[in-house]
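# Tertiary structure, described
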Amino acid sequence: MTAARKPARTASARPAAGVSGTAPSRPAARPAARSSRAEPARPRRGGPRAVRPLDGADRARLLAGEHHAPHDLLGAHPVRGGVELRVLRPYARSVTVLADGARTPLRDDGDGFFSVLLPVAAPPEYRLLVAYPDAEVETDDPYRFLPALGELDLHLIGEGRHEELWTALGARPMEHQGVAGTRFTVWAPNARGVRVAGDFNHWDGSAYPMRSLGSTGVWELFLPGVGEGALYKFDVCRPDGSHTLRADPMARRTEVPPANASVVTASHHVWRDQEWMAHRGDVPAHEAPMSVYEVHLPSWRPGLGYRQLAAQLPAYVRALGFTHVELMPVAEHPFGGSWGYQVTGFYAPTSRLGSPDDFRFLVDSLHRAGIGVIVDWVPAHFPRDEWALAEFDGRPLYEHPDPARAAHPDWGTLEFDYGRREVRNFLVSNATYWCEEFHVDGLRVDAVASMLYLDYSREDGQWTPNEHGGRENPDAVSFLQEMNATVYRRSPGVVTIAEESTAWDGVTRATDLGGLGFGLKWNMGWMHDSLEYMTKEPVHRKYHHDEMTFSMVYAYSENYVLPISHDEVVHGKRALVSKMPGDWWQQRANHRAYLGFMWAHPGKQLLFMGQEFAQGAEWSEGHGPDWWLLDPSYAAQSDHRGVRALVGDLNRVYGETPALWQLDTVPEGFAWVDGGAAEDNVFAFLRFDRHGSPLLAVSNFSPVVREGYRLGVPEVSGDRVAWAEVLNTDAARYGGGGVGASGPLKPEPVPAHGRSTSIALALPPLATVWLRPV
């Protein structure tokens, strides 16, 4: 993850959206305030009866938006002599209560307060008629409702164990006590008060203070008449009395950036991927074929939304034979140049491409095309935007309280406080949210190394050792273990994948054995070493031979993915084909040979978009892949189509050949034939399935044809008496020279490489050949 970012602009105030119970317009000035200590006027004959004056301190706290229990003062409450009804409606000219067929006007107490003493024994069912200078609005009173959040939810939140946190916090349209509206809840334990502001009240939350629900730090308010599509934020009163307007950390939909308000939403998508979901966990990911096409959705086909992508992406990926797509982060982020790796809306798919249900539609379409969906997930850090998570309630909340621990030295962001149970709950629940609400099949966890080490990118004196004097972050370790254990328990068939660039022991070891519990890990060492080798001129490659073989020294220490990701084709690193030495023909030949070597190497494959057709330019999020290279009118289009045809055949043969994936993570699945042919720039090895059926992979990374190249092979039994080419990256249809075996090669009783039989074959230049017994 390597992109810079810039602050996003805040949302501008919007006109009322016509939601029931909202003020249609705001007058130029508020009514003149009356003294909070003035004696109540005696009721007029037939008019409202006076109520006790509101305590001055309570009145001031309500007006300042820092009262923790507004429902104790507002709404209807039994008192001696009847039911006291008090309403806070700034800018209203009058308020009338409608109950039992009667209309009773409320007394104007100043500062937007209205009250009346009803001569009834118990609070009635009532509504309010609120008159503004230019309109009257009939609405339910938010302060007549009981809390819409249950005791079990609060208990689990307090313990940091609410695995479906998104059902308890945030904005949820619902029917409560027979009335339709939206329940707003937010965790802000340091706040003196919280109010709801939105387009339904002209972004002035003074009439909508929330109540604190005990020691959990959760604030709640049910707003009748507010429904899907409403824009909102939380007006948080900080400990110092100042106010900050914040987007909802649990928002499940947001405005299109750079606007940043949260949006009330509910899902209406009807899933049609039942067959996929029922069988996705039949085979563990490390024992199944997995070749991944990495996609940056906003730039794959610029201008397409989720639903338009659903009409094109599944067919394209399926035609190429990839088993999965990996989507660079789709969670909402303010700056597109961060590619989604600096998240402000952890529970909201980016609105740039459509609604959350539109994203569900895309995942559904991919599943019905037989393609799994992996989403990049970023629990390592978050940006400092003043409307988002940073010091959310006026003090460090999601970030670590120690500024040195909180500040991420590389990206100018803030690191999560993994030792705080509510923060861990926020993140663990977020992981399960993507798996359960959007049916994603995998989470690739970004920047794991930056989480695991206290000294990550820090110099001596810039970090503090843990309690044992070490550099490891035990809170992050515990969080990752909890996240993985929870995801695997709740979502069978989902795989978690770590982008972890160090030699941390046990990344893919089970949590009950002391590991982090990931299913797979990106093999960054293989990627760096193999690319370093490939960038060398062939005449120099013999001096770097071990860079291609070293990966097998540790190949079974973890369950690996071999990634050629977006990070390797941007910021001056050049596209994959452009890394290769030589002229254009040699570059493409190297490119094809490398992909053949990669697909045969133990581990799952990942290839970033554009590299499947040898795009020569670096990727840019501004315009995406250079699709024009495939246009029939382009003179060299056959060169690029040839590489794409190879990728399709690699995936096809790969999927049909269990030897290439079934024993990826155990030594029994691999054997060198010749790993030491440095002078020849040749690598030859065997892959085996669980029945012992082999595939021979041979890569010749020199620009010369090697005739009669002898390789020892296992003896074959039964009617499999010869070895035949099943893939040759030098084939003419891929843009190669067509050098290779003209037919099956019968083993000869000539010892070679420690085996009693061998074959002699012509190795094409700068090419990889796969053979298997026939």
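Rules behind the numbers
Residues numbered from 1 in each chain as written. Predicted model: local features only at pLDDT ≥ 70, side-chain atom pairs only at ≥ 80, totals over all residues. Heavy atoms only, no water. Pairing = 2+ DSSP bridges. Helix = DSSP H or I, 4+ residues; strand = E, 2+ residues; numbered from the N terminus. Axes fitted to C-alpha atoms, helices over the stretch in contact; angles between N-to-C directions. 1 Å grid on protein atoms, 1.4 Å probe; cavity = no way out; pocket = protein on both sides within 12 Å on 5 of 7 lines; lining within 4 Å. Points joined across faces, edges and corners; volume = space filled by probe spheres on them. Nonpolar A, V, L, I, M, F, W, Y, C, P; charged D, E, K, R; others polar. Salt bridge = Lys/Arg side-chain N within 4 Å of Asp/Glu carboxyl O. Buried < 20%, exposed > 50% of the residue type's maximum accessible area, 1.4 Å probe, protein only.

## Remarks on the sheet that holds strand E7 (residues 126-132)
Read across the sheet, four strands follow the order E4-E3-E7-E8 without closing on themselves; strand pairing throughout is antiparallel. On the outer flanks of this sheet lie strand E4 (102-105) and strand E8 (135-139), each paired with one strand and no other. Taken over all neighbouring pairs, the strand axes of this sheet differ in orientation by 20 degrees on average, direction set aside. Across six bridges, the pairing between strand E3 (residues 94-99) and E7 is antiparallel. Following the sheet pairing, valine 97 is matched in E7 by leucine 128.

## Let's talk about the sheet that holds strand E10 (residues 179-187)
Strand order in the open sheet made by the four strands is E9-E10-E13-E12, with antiparallel pairing throughout. Each edge of the sheet is formed by a strand with only one pairing partner; in this case those strands are strand E9 (170-176) and strand E12 (211-212).

## Section: empty space enclosed by the protein
One pass over the structure, following the stated rule, counts nine cavities of 30 Å³ or more. Put simply, the second largest cavity is a space of about 140 Å³. Residue lining of the second largest cavity: 21 residues in total, with Thr254, Asn260, Glu332, Thr344 and Trp387 positioned closest to the centre. When the residues that make up the lining of the second largest cavity are grouped by side-chain class, the tally is twelve nonpolar, six polar and three charged.

## Structural notes on the pattern of salt bridges
A full pass over the atoms with the stated rule returns 45 salt bridges. Between arginine 86 and glutamate 84 there is a salt bridge, with the nearest N and O atoms lying 3.4 Å from each other. As far as burial versus exposure is concerned, arginine 86 and glutamate 84 are alike and both buried. The partner of arginine 161 in a salt bridge is glutamate 482, and the shortest N-O contact between them spans 3.5 Å. Here glutamate 482 lies in helix H10 (residues 474-490) and arginine 161 lies in the loop between helix H2 (151-159) and E9, a separation of 321 residues in the sequence. Given the relative accessible area of 15%, glutamate 482 is considered buried. When salt bridges with common partners are traced through the structure, they connect Glu125, Arg127, Glu138, Asp140 and Arg144 into a single cluster.

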